[in-house]
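Observations on the model geometry
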Number of protein chains: 4
Amino acid sequence: MAAINAANSGSAPSYGADEFTGKLQAAASEIFGIPVAIFPVTTGTAANALALAQMVPPYGAVYCHDAAHIVTDECGAPEFFTGGAKTMGLPAADGKITARQVAGAIAHAEDMGVHHVKPAALSLSQATEWGTVYAPDEVSALAAVARQHGLPVHMDGARLANALVHLGCTPAEATWKSGIDVLSLGATKNGALCAEAVVFFDAARARDFERRRKQAGHLWSKMRFVSAQLLAYFANGLWLDNARHANAMASALAEGLRGVAGASLLQSVDANEVFVALPEALVAALERQGFGFYRWPLAAASGGVAIRLVTSYSTPRAHVDEFLRAVRGSAGPNS
Amino acid sequence: MAAINAANSGSAPSYGADEFTGKLQAAASEIFGIPVAIFPVTTGTAANALALAQMVPPYGAVYCHDAAHIVTDECGAPEFFTGGAKTMGLPAADGKITARQVAGAIAHAEDMGVHHVKPAALSLSQATEWGTVYAPDEVSALAAVARQHGLPVHMDGARLANALVHLGCTPAEATWKSGIDVLSLGATKNGALCAEAVVFFDAARARDFERRRKQAGHLWSKMRFVSAQLLAYFANGLWLDNARHANAMASALAEGLRGVAGASLLQSVDANEVFVALPEALVAALERQGFGFYRWPLAAASGGVAIRLVTSYSTPRAHVDEFLRAVRGSAGPNS
Amino acid sequence: MAAINAANSGSAPSYGADEFTGKLQAAASEIFGIPVAIFPVTTGTAANALALAQMVPPYGAVYCHDAAHIVTDECGAPEFFTGGAKTMGLPAADGKITARQVAGAIAHAEDMGVHHVKPAALSLSQATEWGTVYAPDEVSALAAVARQHGLPVHMDGARLANALVHLGCTPAEATWKSGIDVLSLGATKNGALCAEAVVFFDAARARDFERRRKQAGHLWSKMRFVSAQLLAYFANGLWLDNARHANAMASALAEGLRGVAGASLLQSVDANEVFVALPEALVAALERQGFGFYRWPLAAASGGVAIRLVTSYSTPRAHVDEFLRAVRGSAGPNS
Amino acid sequence: MAAINAANSGSAPSYGADEFTGKLQAAASEIFGIPVAIFPVTTGTAANALALAQMVPPYGAVYCHDAAHIVTDECGAPEFFTGGAKTMGLPAADGKITARQVAGAIAHAEDMGVHHVKPAALSLSQATEWGTVYAPDEVSALAAVARQHGLPVHMDGARLANALVHLGCTPAEATWKSGIDVLSLGATKNGALCAEAVVFFDAARARDFERRRKQAGHLWSKMRFVSAQLLAYFANGLWLDNARHANAMASALAEGLRGVAGASLLQSVDANEVFVALPEALVAALERQGFGFYRWPLAAASGGVAIRLVTSYSTPRAHVDEFLRAVRGSAGPNS
């Protein structure tokens with residue numbers, strides 16, 4: 001917010017010709033250790049859909065997890081922006097698809113020939129929709145299959161900072177060094193007001209991208225206000241600090257839940273999301289105390305209810321402790 | 001073909017203003033027992049994709065079987081023609097989705113709200129991709145769920161004639177009386193040179209459809225040549241006779257295969273397709289004798305190989321017998 | 001900016017369920033004197049293209065001025081968002097198309113039938129691209145022709161506040177009372193950081209608009225920051241005050257230029273834009289003094305050069321005077 | 001028609017893997033004197049729109065004549081197939097745009113930058129919409145400008161045979177030797193039942209074109225029936241013979257009209273179309289005798305009425321003479 005206010009002083013060239021946007025290219029290139037082309041936008045849906053539209057033709061197939069944001073949460077934005085391409089969701093219980101799955105899906109498409117959409121891109125969510133994180137060698141193996149068939153690789157990095165903190169690797173290692181060609185980089189979930197970006201690790205892939213962004217109504221006349229947010233986000237490791245806090249709060253939640261009778265963590269807690277199964281009576285009791293949950297539809301097994309807990313850069317430790325106390329208080333003597 | 005040649009004499013008004021196209025409206029209305037608006041096109045993909053584009057917005061969801069032609073075999077045509085809508089494939093081992101599945105999928109979409117594509121249409125294949133046929137009351141139950149949520153219902157009738165012959169019901173009973181709003185009617189697989197049609201049972205739904213067809217390049221200047229095929233197709237029950245023959249040949253194949261050791265019919269043979277599992281060695285022996293198969297990817301179970309056998313209006317009984325003899329000859333003494 | 005900072009305190013529901021967005025509905029309804037459905041977005045291109053996509057089918061024609069922003073400055077956004085509709089630019093020297101022109105264009109389309117895109121909407125820029133303003137009766141006459149042929153009417157109100165100040169009429173009179181159905185309301189050019197909106201005067205026309213906005217990546221998770229800007233914009237007549245200042249500065253420029261030898265105002269200065277022809281030598285002299293101009297391509301007549309001067313809410317009177325002094329100083333003794 | 005019937009004997013591989021389609025590649029390559037990739041489709045609108053979709057991005061501009069078929073007669077097909085590109089019609093009284101016009105339009109686009117659609121292709125109609133024909137050096141000059149800016153060049157050859165006969169040059173000279181990259185080749189207007197084709201003179205430009213055709217519903221399962229028409233069309237110069245006759249009939253019409261009082265030929269009669277202005281009374285008299293005309297909207301000058309007369313491969317000389325007799329009979333003693 002301070003950065004936005006600072007950008008508000010004086011007047012400035014419009015449509016991204018301002019100094020903030022210029023500095024952002026340099027800052028992002030330094031962060032990723034390679035010259036990148038970075039294009040700010042203001043929603044994650046726009047970042048993903050514009051990135052994919054740049055990568056695949058209308059008759060293309062995008063391989064991804066079947067719970068990927070691009071499949072389930074963007075109201076058909078990838079199909080709309082690409083003019084018809086299909087997202088091909090692959091199942092994976094832990095949110096991480098495998099190189100073998102992708103190879104199999106591509107082989108099937110090749111058997112089908114012209115009747116089938118053409119394999120055109122691979123898209124990986126990092127961290128995944130299930131709060132897990134791909135290791136760099138997992139990404140490399142997936143990217144290798146894609147490359148073998150001529151497919152570029154996209155990363156939906158709405159939670160990339162959370163993944164980086166978990167992995168302890170550099171942004172470069174987690175992205176282009178592992179075979180990522182185009183990155184949707186999220187900042188809004190991690191502290192920004194409205195700042196996302198599409199990052200191309202090879203500028204040649206960004207050809208005419210500014211027209212595509214303009215045609216979709218995502219070129220701001222006062223672009224400096226988005227760029228300023230991203231500059232502040234990268235400065236002094238703020239993005240990683242924010243993510244580190246969010247991850248720590250998720251870990252604390254997970255740790256606290258481990259001792260609760262009837263509670264069962266459904267996924268490895270790698271980033272800032274906790275998926276946990278709890279007895280129905282316990283969830284109901286918590287709801288009566290004023291907590292609200294998104295009851296996850298996929299994990300009704302084990303007689304309980306699955307809920308998702310998401311932490312953020314602004315989650316106070318006290319809230320975590322308060323929630324855990326409430327859980328233990330409602331869970332009965334054994335816990 | 002005789003009908004096409006007849007249409008070639010003299011000159012005629014272009015773009016569908018000819019007498020053949022006029023007669024077709026009357027003929028189709030008589031066939032279906034209700035005034036219909038029928039629009040000839042020349043491929044099944046065009047019929048399906050244009051029909052769906054007329055029914056759903058770019059942010060719409062089309063519920064259907066996960067092996068539906070619109071999902072797997074049209075290279076993304078529905079997504080392209082609708083400008084972004086998604087086909088939502090539901091699994092069903094026998095090719096027939098259920099009212100309960102559709103209700104569940106719609107409920108999930110409603111929970112997700114604006115992030116999810118909007119439930120916008122139901123599409124049923126009749127006969128299905130697995131050679132089975134929906135009974136009218138199954139269609140009615142599905143259509144009732146759709147109607148309850150405001151969704152129009154489409155039928156992919158690429159093999160409608162085969163289904164009608166199997167059901168022994170009228171075209172009206174199989175379509176609008178069961179709740180179908182828009183029909184893709186196939187003739188090419190059943191004898192025509194290049195004739196399909198989109199049939200609207202309520203003319204109000206066809207508003208501006210002629211522009212949509214024109215914009216997609218599917219308005220023929222010499223439309224009479226397509227209309228003439230459909231007129232001949234309907235005349236004297238030719239379409240049903242052709243389908244009756246095709247179905248009978250499929251039944252004969254199924255009957256013959258029932259006695260073969262190791263052969264296992266995978267689906268009820270309701271129309272003109274036979275899905276059968278055979279021992280790998282037997283399939284290989286048949287291939288050596290010159291038979292060619294589409295080895296179906298989904299049924300590797302039981303140690304054998306699944307193949308699809310499709311019969312048509314022009315399949316001679318002798319070919320069926322010859323194939324069955326070859327199977328028995330290669331299958332060994334027990335059969 | 002203060003409003004944005006205020007919206008930053010505490011946390012809030014996301015995706016437009018916040019209190020700011022709720023208040024905005026009420027505020028806009030009060031401003032326009034009728035219950036409206038208002039949807040904030042963050043660029044004018046998005047507002048126009050989403051509005052048109054809601055109004056016209058892919059095979060539709062949008063009638064407008066041939067220099068309209070939707071024709072010349074949005075990189076094909078209307079065509080992209082509508083899935084293929086055409087903008088049909090009509091010429092008018094003063095930027096204002098006439099009811100007669102629109103009637104003629106529609107009649108031609110009707111003669112052409114299915115081969116021609118279907119007349120589907122009328123779009124008027126207010127103020128126009130040439131800095132002129134439609135009188136309410138001019139808008140009414142245009143809207144009457146549209147309505148007679150079933151076309152809804154869109155207003156590109158990127159500079160609506162400037163037009164209102166000039167006309168001295170109410171927002172209602174300038175819009176829905178004159179026959180406007182859907183309004184793109186601009187605030188960014190008139191002081192906001194990034195706030196535009198699509199306003200529907202009949203909520204029925206807004207059906208599913210929130211999905212269309214989401215699918216295009218224009219639904220902000222932190223929507224309150226846009227809504228807060230619009231609330232501040234409307235509060236205490238700030239939008240009109242800003243526009244009044246901008247218009248006054250443009251009038252002062254025009255007045256000052258009237259006395260300059262060789263200067264010729266090319267358009268009536270109704271809003272915040274001045275189009276003036278000046279001798280080439282004078283423009284060159286000004287450029288040498290550090291002024292920069294957009295040399296307008298359409299008015300090379302009269303031996304001079306046409307330039308565009310745009311004033312804003314933040315243009316100081318001193319800048320206007322300084323510019324006029326420079327002009328007079330360079331224009332020679334006669335002026 | 002004979003060719004279609006011949007193709008009907010026996011069965012054949014589907015979706016273009018038949019022998020007719022194979023032979024067509026060789027036949028077309030021989031006709032054009034270079035290896036080409038030729039894709040049959042069944043309407044001219046499909047040929048043009050698919051060709052352009054292959055050539056330009058959604059944010060692209062296609063430069064062409066403002067009366068080009070792609071602008072006025074295809075119901076927005078180019079916009080739909082490309083996902084948003086714009087046709088940029090340039091005026092030219094004789095139907096032939098000039099290299100200078102195209103250079104100017106591209107320069108304007110470059111000035112406008114990201115706000116303007118990107119110059120992406122040039123499309124020329126040969127023969128033109130006004131019945132005139134570009135000389136090869138005119139095409140070369142236009143193509144040179146396009147190439148200088150990186151734009152591929154498309155030719156709408158719905159009447160290419162008529163142009164070839166007029167020019168007396170080879171198909172190669174009229175197309176790729178003059179700089180054409182992609183050709184829409186028409187046969188339907190010149191004798192075929194439903195046969196058009198997209199011809200790529202550089203196979204690399206045809207990459208994935210078969211998917212694009214499939215996704216648009218233009219891949220016939222029984223493709224041999226289209227290919228057979230084109231083979232017959234090319235065989236023994238039939239296409240040129242048909243066009244020669246049509247052109248000769250147009251010349252005879254023009255010659256006969258030259259002596260008629262008040263008649264004024266509006267365009268050079270290069271191909272098979274005659275645009276002539278006649279006194280209103282004369283046209284009315286002819287209409288009373290049963291002749292029907294398309295009264296052309298653009299040439300109301302000179303107090304008369306403009307009509308278009310189109311001849312074809314099947315226009316008998318007797319019809320031409322009969323029409324001219326009627327004209328002379330109604331035109332009064334002076335003619």
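Refer to the structure above for everything that follows.
The structure reproduced in this document is the subject of the present report. Treat the numbers as computed from the prediction; the structure is a model and nothing was measured. (Residues numbered from 1 in each chain as written. Chains lettered and ligands numbered in written order. Predicted model: local features only at pLDDT ≥ 70, side-chain atom pairs only at ≥ 80, totals over all residues. Heavy atoms only, no water.)

1. A look at the overall build of chain A
- Summing up its helical and strand segments, chain A has 14 helices and 11 strands in all.
- In terms of overall size, chain A behaves like a compact globule, its C-alpha atoms giving a radius of gyration of 21 Å where 335 residues would be expected to give roughly 20 Å.
- Projected onto its principal axes, the C-alpha coordinates of chain A cover approximately 65 × 60 × 30 Å.
- Evaluated residue by residue, chain A yields a buried proportion of 61% over its 335 residues.
- The contacts in chain A between residues at least 6 apart in sequence include a share of 74% that link residues at least 24 apart.
- Approximately 11,800 Å² of chain A is accessible, and the part contributed by carbon and sulfur atoms is 53%.
- Side chains of chain A carry 25 positive and 28 negative charges; the gap between the two charge centres is 4 Å. (Helix = DSSP H or I, 4+ residues; strand = E, 2+ residues; numbered from the N terminus. Rg over C-alpha atoms; globule rule 2.2 N^0.38 Å. Buried < 20%, exposed > 50% of the residue type's maximum accessible area, 1.4 Å probe, protein only. Contact = heavy atoms within 4.5 Å. Areas by Shrake-Rupley, 256 points an atom, 1.4 Å probe, with all protein chains shown as cover. Lys, Arg positive; Asp, Glu negative; His and termini not counted. Charge placed at Lys NZ, Arg CZ, Asp CG, Glu CD.)

2. Observations regarding the packing of aromatic side chains
- All chains considered together, the criterion is met by 52 aromatic pairs over all chains.
- Ring geometry for Phe80 of chain B against Phe80 of chain D: centres 5.0 Å apart, planes inclined by 25 degrees, an arrangement best described as stacked. You can see Phe80 of chain B sitting in helix H5 (residues 77–82) and its partner Phe80 of chain D sitting in helix H5 (residues 77–82), one on each of two chains. The exposure classification of Phe80 of chain B matches that of Phe80 of chain D, with both residues buried.
- Arranged with centres 6.1 Å apart and planes meeting at 65 degrees, the rings of Phe293 of chain D and Phe323 of chain D form a pair that is edge-to-face. Residue Phe293 of chain D is found in the loop between helix H13 (280–288) and strand S10 (294–295), and its partner Phe323 of chain D is found in helix H14 (residues 317–331); the two are separated by 30 residues along the sequence. The same class applies to Phe293 of chain D as to Phe323 of chain D, namely buried.
- Aromatic rings pair up to connect Phe80 and Phe81 of chain A together with Phe80 and Phe81 of chain C into one cluster. (Phe/Tyr/Trp six-rings, centres within 6.5 Å; stacked < 30°, edge-to-face > 60°.)

3. Section: the side chain of Ser125 of chain D
- Along the chain, Ser125 of chain D turns up in strand S4 (residues 118–125).
- Classification of Ser125 of chain D by relative accessible area gives buried; the value is 10%.

4. Thoughts on the sheet that holds strand S8 (residues 264–265) of chain B
All names here are of chain B.
- Spatial ordering of the open sheet is given by S8-S9-S11-S10, a layout of 4 strands whose pairing is antiparallel. Bordering the open sheet on either side are S8 and strand S10 (294–295), each of which pairs with just one other strand.
- Direction of pairing for S10 relative to strand S11 (residues 304–310): antiparallel, over a ladder of 2 bridges. Residue Arg295 lies in a different strand from S11, and its bridge partner there is Ile307.
- The sheet strands contacting helix H13 (residues 280–288) are strand S9 (273–279), S10 and S11, and the helix crosses S9 at an angle near 110 degrees. (Pairing = 2+ DSSP bridges. Axes fitted to C-alpha atoms, helices over the stretch in contact; angles between N-to-C directions.)

5. Concerning the interface of chain A and chain C
- With 32 residues of chain A at the contact, the number on the chain C side is 32 residues.
- Taking both sides of the interface into account, the surface hidden between chain A and chain C amounts to around 2,600 Å²; carbon and sulfur atoms contribute 61%.
- Where chain A meets chain C, there are 0 salt bridges.
- Scanning the region where chain A abuts chain C turns up 19 residue pairs in polar contact (both at pLDDT 80 or more).
- In the side of chain A that touches chain C, the residues fall into 15 nonpolar, 12 polar and 5 charged. (Buried area = accessible area lost by both parts, 1.4 Å probe. Salt bridge = Lys/Arg side-chain N within 4 Å of Asp/Glu carboxyl O. Polar contact = N/O pair within 3.5 Å; in protein donor to acceptor, adjacent residues only side chain to side chain. Nonpolar A, V, L, I, M, F, W, Y, C, P; charged D, E, K, R; others polar.)

6. Structural notes on the packing of H13 of chain D against H14 of chain D
All names here are of chain D.
- Running from N to C, H13 and H14 point in directions that differ by 125 degrees, and their axes come no closer than 9 Å. If you check the angle between H13 and H14, you find them oblique. For the element pair H13 and H14, the recorded crossing hand is right-handed. Touching Leu282, Ala285 and Leu286 of H13 are Phe323, Ala326, Val327, Ser330 and Ala331, all from H14. (Parallel < 35°, antiparallel > 145°, perpendicular 65-115°, else oblique. Left-handed = near helix turned anticlockwise from the far one by under 90°.)

7. Concerning the side chain of Thr311 of chain B
All names here are of chain B.
- Residue position: Thr311 is located in the loop between S11 and helix H14 (317–331).
- Of the polar contacts made by the side chain of Thr311, one reaches the backbone oxygen of Ala246; its length is 2.6 Å.
- Among residues more than four places away in sequence, those in contact with Thr311 are Ala246, Met249, Ala250, Leu253 and Asn272.

8. A short note on the relation of the copies chain A and chain C
- Once chain A has been moved 0.0 Å along the axis and rotated by 180 degrees, it coincides with chain C to within an RMSD of 0.0 Å. On the angle and the small slide along the axis, the relation comes out as a two-fold axis. Across chain A, the smallest distance between a C-alpha and the rotation axis is recorded for Ala216 of chain A, namely 3.6 Å.
- When the interface residues of chain A are mapped onto chain C, 100% of them again fall at the interface, so both copies present the same face. (Least-squares fit on C-alpha atoms with pLDDT ≥ 70 in both.)

9. Section: the interface of chain A and chain B
- At the interface, 23 residues of chain A touch 23 residues of chain B.
- Summed over both partners, the interface of chain A with chain B comes to about 1,600 Å²; 53% of that surface belongs to carbon and sulfur atoms.
- It is Cys75, Lys86 and His115 of chain A that lose the most area in chain A upon contact with chain B, and together they represent 31% of the buried surface on that side.
- Inspection of the region where chain A meets chain B yields 2 salt bridges.
- Across the pair Lys86 of chain B and Glu79 of chain A runs a salt bridge, and its minimum N-O distance is 2.8 Å.
- At the boundary of chain A and chain B, one finds 10 residue pairs in polar contact (both at pLDDT 80 or more).
- When contributions to the side of chain A that touches chain B are tallied by element, the ones reaching two or more residues are helix H4 (69–72), helix H5 (77–82), strand S3 (86–90) and helix H6 (99–112) of chain A.

As far as function goes, none of this settles anything; it's purely spatial.
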